[in-house]
Amino acid sequence: PNYFKHNNFSSFVRQLNFYGFRKIKYDHIKPSTFSAPESKYWRFCHMKFQRGRLELLAEISKTNQSDMAEQEEIDGLNEQVKELRSRLDFMTNYISKLTDMMYSVPQTPAVEQEIKHE
């Protein structure tokens, strides 16, 4: 509470996230590097927060609501693209199977002649 108006850790974490800091997952931390109590600490990183690189600090800024909304829209569009690609793969395979089935069915001479001209 020395530097903040409250003692709420989750609010502090939220502020870190607003400024682009992300929590480092435990599995990325080598257990032998830290003592048992230290290994339970939460660690955050930011590409622009580097020791000895004070000039980078000016590039850390709070993301605004429109940035967050844009990212949500991008994520939604990426999901739609993923779904459409999946559908396209399915339909491509289905058309291929139908084409194979069509060629395996005995054709009359007139139909064979028509297929050859395509």
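Because the structure is predicted, anything quoted here is derived from the model rather than measured.

Asker: In this structure, what is going on with the overall build of the protein chain? I would like to understand it.
Answerer: Across its full length, the protein chain carries three helices and two strands. Secondary structure elements of the protein chain occur, N-terminal to C-terminal, as α-β-β-α-α. In the protein chain, the share of contacts with a sequence separation of at least 24, taken over all contacts with a separation of at least 6, comes to 42%. Surface accessibility of the protein chain: about 11000 Å² in total, with carbon and sulfur atoms responsible for 57%.

Asker: Explanation requested: the packing of aromatic side chains in the structure shown.
Answerer: Here a ring pair, both rings aromatic, is described through the centre-centre distance and the interplanar angle of the planes. Scanning the model with the defined rule gives five aromatic pairs in all. Centroid distance F9 to F12: 6.3 Å. Interplanar angle 40°. Geometry classified as tilted. Of this pair, F9 and F12 are both found in helix α1 (residues 9-18), three residues apart, which corresponds to roughly one turn of the helix. A relative accessible area of 44% means that F9 is categorised as partly exposed. The exposure class assigned to F12 is partly exposed, which follows from its relative accessible area of 31%. Put simply, the rings of F9, F12, W42 and F44 touch in pairs and so form one group of aromatic residues. Over the ring of W42 we find K23; its NZ or CZ atom is 3.8 Å from the centre of that ring.

Asker: Explain the pattern of salt bridges here, please?
Answerer: Note on pairing: side chains with opposite charge can pair once their charged atoms come close. With the rule as written, the count across this model stands at three salt bridges. The salt bridge involving E59 is made with K48; its shortest N-O contact spans 2.7 Å. Within this pair, whereas E59 is found in the loop between β2 (44-45) and α2 (65-104), its partner K48 is found in the loop between β2 and α2, the two being separated by eleven residues in sequence. Note that E55 and R53 form a salt bridge whose closest N and O atoms lie 2.6 Å from each other.

Asker: Sorry, what's going on with the side chain of H46 here?
Answerer: For H46, the location among the structural elements is in the loop between β2 and α2. Of the polar contacts made by the side chain of H46, one reaches the backbone oxygen of Y19; its length is 3.2 Å. Within the structure, H46 has its side chain in polar contact with the backbone nitrogen of K48 (distance 2.9 Å). With sequence-adjacent residues up to four places away left out, H46 is seen in contact with Y19, G20, F21 and I60.

Asker: Looking at this structure, how should I read the environment of S61?
Answerer: Checked against the element boundaries, S61 lands in the loop between β2 and α2. Between the C-alpha atoms of S61 and G20, which are 41 residues apart in sequence, the distance is 7.8 Å. For S61, the contacting residues outside a window of four places in its chain are F18 and Y19.

Asker: Would you take a moment to explain the confidence of the model for the protein chain for this structure?
Answerer: Close inspection of predicted coordinates is inappropriate for parts of the model with low pLDDT. Of all residues in the protein chain, 79% have pLDDT values of 70 or greater, and the mean over the chain is 80. The lowest-confidence element of the protein chain is helix α3 (residues 109-117), averaging 72 in pLDDT; the highest-confidence one is α2, averaging 87.

Definitions and cut-offs
Residues numbered from 1 in each chain as written. Predicted model: local features only at pLDDT ≥ 70, side-chain atom pairs only at ≥ 80, totals over all residues. Heavy atoms only, no water. Helix = DSSP H or I, 4+ residues; strand = E, 2+ residues; numbered from the N terminus. Contact = heavy atoms within 4.5 Å. Areas by Shrake-Rupley, 256 points an atom, 1.4 Å probe, with all protein chains shown as cover. Phe/Tyr/Trp six-rings, centres within 6.5 Å; stacked < 30°, edge-to-face > 60°. Buried < 20%, exposed > 50% of the residue type's maximum accessible area, 1.4 Å probe, protein only. Lys NZ or Arg CZ within 6 Å of the ring centre and 35° of its normal. Salt bridge = Lys/Arg side-chain N within 4 Å of Asp/Glu carboxyl O. Polar contact = N/O pair within 3.5 Å; in protein donor to acceptor, adjacent residues only side chain to side chain. pLDDT = per-residue confidence, 0-100.

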